[in-house]
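Close look at the chain arrangement
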Amino acid sequence: MYHDANTTTSPGGSNNTSTVNSPISAVSNTPDLSTTNNSTTSTPNPTGSAAASSQPRSINTSGARSSYEPMKSSYEEQWGLTPTSRANKTASPRDGAGFPAKEQAGSHKKENKVKASGLGIQANAGSASTDTPPSSGGPASAGGPPSSNSNKGGSQKPSAPSQKSMTKAERRELQEKQKAEKAARVSAGLPASGKKAAQVLNPPNSGFSPNPSKSLATSFPGAEAEKAIAAAESTVVHAGLQMAQFKICGANARCVATLNAFRKAIQDYQTPPNTTLSRHIQTYLNPHISYLVTCRPMAVSMGNAIRYLKYEIGKNLELPDEDARALFVEKIDNFIRDRITMADQVITSLGLQKIQDGDVILTYARSSVVQGLLLAAYAKGIKFKVIVVDSRPRFEGKQLLRALAAAGVPCTYVLLTAIGHVMREVNKVILGAHSLLSNGALYSRAGTAVVAMSAHERKIPVIVCCETYKFSERVQLDSFVQNEIGNPDELVNDQNNNFGHSSTRCHPSVRGSAGAAAAGGVLSGWKESRDLKLLNLLYDLTPSEFVTVVITEVGLIPCTSVPVILREFL
Amino acid sequence: MSKDFDVVANYKSLLLNSPELSMPVAAIQSLVELIKHSNATTMSEFMLSINVASQLLKSSVRNSISLSAGCDLFLRFVTRNSQDVAEFEAWKATLIVRGQSFVEKADACRYKIADLGVPFIKDGSTILIHAHSRVVSLLLQKAAENHKRFKVFVTESSQTHGGIRSAKMLRAAGIPTTIILDAAVGYVIDKVDMVLVGAEGVVENGGLINQIGSYQMAIVAKAANKPFYAVAESYKFVRLFPLNQYDLPTYNADTLSFQELNVDYDSNNTDENGQLVSSSAAPASALSQSALHMKTSEDQASQGSNPLVDYTPPNYITLLFTDLGVLTPSGVSDELIKLYL
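Residues numbered from 1 in each chain as written. Chains lettered and ligands numbered in written order. Predicted model: local features only at pLDDT ≥ 70, side-chain atom pairs only at ≥ 80, totals over all residues. Heavy atoms only, no water.

In the nomenclature of an unreviewed UniProt entry, chain B corresponds to Translation initiation factor eIF2B subunit alpha from the organism Linnemannia exigua. In UniProt, chain B has this text filed under Sequence similarities (unreviewed entry): "Belongs to the eIF-2B alpha/beta/delta subunits family." Entered under Subcellular location (unreviewed entry) in the UniProt record, the comment concerning chain B runs "Cytoplasm, Cytosol". (UniProt positions renumbered as here; feature names shortened; annotations may be inferred.)

By the naming in an unreviewed UniProt entry, chain A goes by Translation initiation factor eIF2B subunit delta and is assigned to Linnemannia exigua. The Sequence similarities (unreviewed entry) comment attached to chain A in UniProt states, word for word, "Belongs to the eIF-2B alpha/beta/delta subunits family." Per its UniProt entry, chain A bears the Subcellular location (unreviewed entry) comment "Cytoplasm, Cytosol".

Structure, rendered in structure tokens:
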């Protein structure tokens, strides 16, 4: 299938590339300064705190902030709005799933050290007592440990019960047990060592496996387990195939489909002998993930969700199987509920403030969040018009148009080529996002950059609606360094992939001369042509200066503040 | 509830008695006074009374962005400090003490800012400032005290005569000052080395809300490649995110609206264009007449077909001098995010 033409990747690798040491250094919108790396220049210490802040926010020579310290707002300190009440802060809406509390970081010193090496700042890495974490009920790395860490499946702290802590009788018992197990292994023909036996039964996967079912099968000896495999596989395979055929498309839809498939997989999972669910589940899930990647390159939203799941798994290695299973399923449900569903609702309510009577709103392609926002605005009674801009080859805007028209919203539909003409009467542009990068750039459906640039030129505000789980630590400067290539045949304008539109309207003279070739579209012979290649890029990059505001579930932020959100909350 | 304590009257008298006090600080002081006089016996009654008083203050002033910012900050301060209330009266007493120190700190902000901003004034430079801002004047006076030699152009700001007030203050400090027409900013920009303005409010993306004319100066400064610095105390940070000039709360349908054609120009109509010429009056007197109309309309709480403030987007601002330090516009948003979210 065409998806084998995979992504072009940046030299550093895929999504999981660790970024520049201080994400802040990529963010600067004042080009005529030399010291713009951080928000405070190195003037006499920002003294703004009467309260004892244990460390001034020093900027070391490399320009990166000292990373072991939770970032506190000096505004907070200045006006005495801090700590005493932090611990008692009730009902932070971000408690619960998706935002594991930072205090739990104590047991994750390992992750802390890796994280602190460049990205994310965790509390409790030896900070002074006055530095209570900025939001005690608040979120820590829901995105999980960054980059390379996640591929090892979170911090795997082996924790055999320490023999020193057991009484003599308990030790005796343990030894007896181990002897019995060893005897059983030997009689079954496996190597005597427990580790090696486990390896034989569950060959470790190095990630990509061309035949997922095979590796899954070897993990699960036993007939009834195979039924479970079939069922689990079918959901993941199902999801993967739907994604590959673009039946499920859009960052949110793909992420939810992935998580649902994984939830089913976890529910149906049977633990193999000699290991526990939480220890083995990562190895089990990896081939599923690889399969999805082969269907379609991983979306940032999916990647962040999977990273979160692995983080949760890594945190709970000690739980008994059924508890672990229930916990992971709950975590998945909470993630979908908090970071996607509820986030969309909050975004809608915030976005409603920015839509007034008489607005002419332009939107591009189809974003589920934008659709929700526009429908909610209309339901609220605001009188506005919508211009839906669409483009080949996917024509995703048609779906949005159908939904809006069905609700009664006055709509206009144009193709991207008409953007210069319609932009004159527009007074707001609302866009969706596949991801927001750390340099504030918007990574979204191909064509978005043109729309944003066009609006910016006429000083029309560009509003982007994006949930925080789509924020990425990546930095990208242009659309080529990382993108996804779609099926080039989609660009050929013939009967088969025109979704029911009329075939190419060739001028009769052209048709006459081209003959049979023209009946299938002018480009249909492109493969035979030596010098002709078709390029179907799916995404593009919009620079941060074209975006006025980003509406997220944490509020309205300028797009240059993406790294702040990542640093403080994720 | 303390019905006998009129918070608005207290606020106004504070402003009258100390002209150096800024509006938000006076408002906060009035709220602290309210706490002192409060007869509330329960938390909820107390919080309610403070909220009501704050609303009263906000609605009593026409241009209330900085005042709103100050009130909101104080309310948040009270809320944060009300988490662990053991005994109501004792807590009220501590709150009064803390509130008082809050006011003192707020008042002291501009001295901190002046210290931070002085290094940016280079010897021998020429500075362009806008109308009258106490913080800016203080900063320049401090620079003069530090034996820096510089000259100042100040825009007249004809409606409020702020330029004249500024010029008086600066000349008294020995700084050579010239008043220029508001319309002459473009003319003079190539003679200046930097532009310095105060602030009514600083919004979430680091943009600036200030007296009308600031946006113009920012655009001219950017076109002429001169740095544009804004000076703002941190209690002026507001939770607003305007998409453009007309997304401000001070904007309403009447602002810069076109009047009916057959309206009687002789009566008190605040038209913006100089065509207030009645059939008989000469243009000059009509203009001064319109100025008068403008003035009287300012006293009324609701009128205003001409805006008093405008919004400067963050990409025009080079740096903001605040008591939290010298920040870039995106740094302001970082601070606010850390605070609010």
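Read on, since the account is not over.
With respect to the pattern of salt bridges
All names here are of chain A. Inspection of the entire model under this criterion finds 25 salt bridges over all chains. Ionic pairing is found between R263 and D333, a salt bridge with its closest N-O pair at 2.5 Å. Separated by 70 residues along the polypeptide, R263 in helix α8 (residues 251-267) and D333 in helix α11 (residues 321-352) bring together distant segments of the chain. For D333, a relative accessible area of 30% gives the class partly exposed. Residues joined by salt bridges that share partners form a network here, namely E312, K315 and K331. (Salt bridge = Lys/Arg side-chain N within 4 Å of Asp/Glu carboxyl O. Helix = DSSP H or I, 4+ residues; strand = E, 2+ residues; numbered from the N terminus. Buried < 20%, exposed > 50% of the residue type's maximum accessible area, 1.4 Å probe, protein only.)

Considerations on the packing of aromatic side chains
Taken as a whole, this structure holds 14 aromatic pairs over all chains when the rule is applied. For the pair F46(B) and W91(B), a centre-to-centre distance of 5.4 Å together with 80° between the ring planes defines the contact as edge-to-face. Taken together, the positions of F46(B) in helix α3 (residues 43-60) and W91(B) in helix α5 (residues 88-117) put the pair 45 residues apart, joining distant regions of the chain. The residues F46(B) and W91(B) share a single accessibility class, namely buried. Ring geometry for Y215(B) versus Y316(B): centroids 5.8 Å apart, planes at 80°, classification edge-to-face. Highlighted residues: Y215(B) in helix α9 (residues 214-223) and Y316(B) in the loop between β8 (309-312) and β9 (319-322), separated in sequence by 101 residues. Judged by relative accessible area, Y316(B) falls into the buried class, the value being 16%. Members of the aromatic cluster, each reached through a chain of ring pairs, are Y308(A), F335(A) and Y469(A). The aromatic ring of F246(A) is capped on one face by R394(A), whose charged end is 4.0 Å from the ring centroid. When the ring centre of Y316(B) is taken as origin, the NZ or CZ atom of K222(B), which lies over that ring, is 5.2 Å away. (Phe/Tyr/Trp six-rings, centres within 6.5 Å; stacked < 30°, edge-to-face > 60°. Lys NZ or Arg CZ within 6 Å of the ring centre and 35° of its normal.)

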